[in-house]
Amino acid sequence: MARASKLIIPLLALLALAALVAVASGCGTTNADPQRGRVLFVQRCGECHTLAQAGSTGAVGPNLDHAFAAAREEGNDSDTIEGVVKAQVEYPRENNGNPAVSMPAHLVSGQDLDDVAAYVGEWAGVPGAAPPKVPGGPGAQVFASNGCGTCHTLAAAEAGGVTGPNLDEHLPGESQAAVEEMIKDPNAEIVKGYPPNVMPQTYEQMLSQKEIEDLVKYLLENAGGGSGGSKG
Ligand code: HEC
Ligand code: HEC
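Residues numbered from 1 in each chain as written. Chains lettered and ligands numbered in written order. Predicted model: local features only at pLDDT ≥ 70, side-chain atom pairs only at ≥ 80, totals over all residues. Heavy atoms only, no water.

Asks: Would you mind going over the coordination of the iron atom of ligand 1 in detail, with residue names and values included?
Replies: Summarising the metal site, the iron atom of ligand 1 is bound by the protein donors His49 (NE2) and Met103 (SD), whose distances to it range over 2.0 to 2.1 Å. Each of the 6 donor atoms around the iron atom of ligand 1 contributes to a set of angles spanning 88 to 179°, which defines the coordination as octahedral. Within this pair, whereas His49 is found in the loop between helix H2 (34-44) and strand E1 (50-51), its partner Met103 is found in the loop between helix H4 (78-90) and helix H5 (110-123), the two being separated by 54 residues in sequence. Judged by its relative accessible area of 11%, His49 is buried. (Donors = N, O, S within 2.8 Å, 3.2 Å for Na, K, Ca; no water. Tetrahedral: all angles 85-135°; square planar, octahedral: opposite > 155°, others 65-115°. Helix = DSSP H or I, 4+ residues; strand = E, 2+ residues; numbered from the N terminus. Buried < 20%, exposed > 50% of the residue type's maximum accessible area, 1.4 Å probe, protein only.)

Asks: Break down the site of ligand 2 for me, with residues and values.
Replies: As a structural note, the neighbourhood of ligand 2 is formed by 24 residues, with Cys148, Cys151, His152, His170 and Met199 the closest of them. Contact distances for ligand 2 include 2.7 Å between an oxygen atom and a side-chain N or O atom of His170. Pro186 has a polar backbone atom sitting 3.2 Å from an oxygen atom of ligand 2. For the shell around ligand 2, the secondary-structure elements that each account for two or more residues are helix H7 (148-151), helix H8 (167-170), helix H9 (176-184) and helix H11 (209-222). Per-class residue counts for the shell around ligand 2 are 18 nonpolar, 5 polar and 1 charged. (Near = heavy atom within 4 Å. Polar contact = N/O pair within 3.5 Å; in protein donor to acceptor, adjacent residues only side chain to side chain. Nonpolar A, V, L, I, M, F, W, Y, C, P; charged D, E, K, R; others polar.)

Asks: Hey, could you go over the nonpolar core for me, with residue numbers and the actual values?
Replies: The biggest cluster of nonpolar side chains holds 19 residues, and the ones touching the most others in it are Phe143, Leu154, Val179, Ile183, Leu215 and Leu219. At the level of elements, helix H6 (138-145), H9 and H11 are the ones that each hand at least two residues to this core. For this core, the element with the most residues is H11, which contributes 6 residues. Residue contacts for Leu154: discarding those within four places in its chain leaves Phe143, Ala159, Leu167, Asp168, Tyr218, Leu219 and Ala223. (Core = buried A, V, L, I, M, F, W, Y, C linked by side-chain atoms within 4.5 Å. Contact = heavy atoms within 4.5 Å.)

Asks: Can you explain a negative patch on the surface? Please cite residues and give values.
Replies: Together, Glu181, Asp185, Glu189 and Glu204 give the surface a local cluster of negative charge. Looking at where Glu204 falls in the secondary structure, it is placed in helix H10 (residues 203-206). (Patch = residues over 30% accessible without salt bridge, like charges linked within 9 Å, V, L, I, M, F, W, Y side chains within 5 Å. Areas by Shrake-Rupley, 256 points an atom, 1.4 Å probe, with all protein chains shown as cover. Salt bridge = Lys/Arg side-chain N within 4 Å of Asp/Glu carboxyl O. Lys, Arg positive; Asp, Glu negative; His and termini not counted. Charge placed at Lys NZ, Arg CZ, Asp CG, Glu CD.)

Asks: Which residues make up the site of ligand 1, and what values go with them?
Replies: In the vicinity of ligand 1 lie 23 residues, with Cys45, Cys48, His49, Arg93 and Met103 positioned nearest. Separating a nitrogen atom of ligand 1 from a side-chain N or O atom of His49 is a distance of 2.8 Å. Between Arg93 and ligand 1, the recorded distance is 2.7 Å, taken from a side-chain N or O atom to an oxygen atom. Of all the secondary structure elements, the ones that give two or more residues to the shell around ligand 1 are helix H3 (64-73) and H4. Of the residues in the shell around ligand 1, the class split is 15 nonpolar, 5 polar and 3 charged.

Asks: Got a sec to walk through the packing of aromatic side chains? Specific residues and values, please.
Replies: Within this structure, the stated rule accounts for 2 aromatic pairs. Ring centres of Phe143 and Tyr218 lie 6.2 Å apart, and the angle between their planes is 55°; on these two criteria the pair is classed as tilted. One end of the pair, Phe143, is in helix H6; the other, Tyr218, is in helix H11, and 75 residues separate them in sequence. In this structure, Phe143 and Tyr218 share a single accessibility class: buried. (Phe/Tyr/Trp six-rings, centres within 6.5 Å; stacked < 30°, edge-to-face > 60°.)

Pasting the structure below:
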């Protein structure tokens, strides 16, 4: 009995502390900018986390819509989720499944952290969330909705991802067939200096042939300011 309570008390203290941290960090919400947070999320978090509103498809960490859907349904508001996100970024838990891919600490801080946390707090677990409609036609929408900008830079899409090659630099001059192949079968030819198996291998299954064609057309018309599609 006595031994059990010795264990329980520190545990309760820890939980109370976690709650305090969450509440205290939730205070900076007044001048947080979720729009800016979305861009940062796509760049810094989306490679590891799926979040429907961001159009990100990362699968290293938990799907954040799934992680927060229950909390939201139980009536936790955006501020609470925002606090949890801040606590996780400042003091990441070890990944129980695979410690080698635990979330790095302090990926963002200061105003950036406020903005990212406000953004995730606003959208994680919201039923039916989807990326905002973007200008530029159907191909632009496919690009925005499928996390391409999480990993790739493409100025026309205001995407600044750096995990994969900069599409403005790499695509001009490529043929339509070649770009289609790069998306459907990314491992067929690995771009020099980049690892295999990072670009999702699933787009051929996830997207319709029409969506892929719209996407390729959009890329060739816009990459590098629109000089693509000349070769082949
Ligand atoms: C290198 C991959 C990686 C990156 C980048 C990353 N995370 Fe994580 N994240 C993880 C992993 C792995 C976990 C699971 C840890 C665990 O098992 O508890 C996690 C957990 C989380 C959780 C807790 C989810 C839950 O189930 O409670 C939140 C919230 C979170 N991350 C937010 C973010 C935000 C915001 C960013 C960007 C600033 C980010 N992550 C960037 C890998 C990453
Ligand atoms: C999780 C990160 C990630 C996502 C998401 C991603 N890519 Fe990639 N992509 C990469 C990496 C890394 C490479 C380089 C390695 C390789 O060739 O597979 C690459 C390569 C490419 C290439 C070849 C570029 C060249 O120079 O030959 C194209 C084109 C491309 N991606 C387009 C896309 C499109 C379009 C999407 C969205 C439908 C997308 N990628 C989503 C990481 C990603």
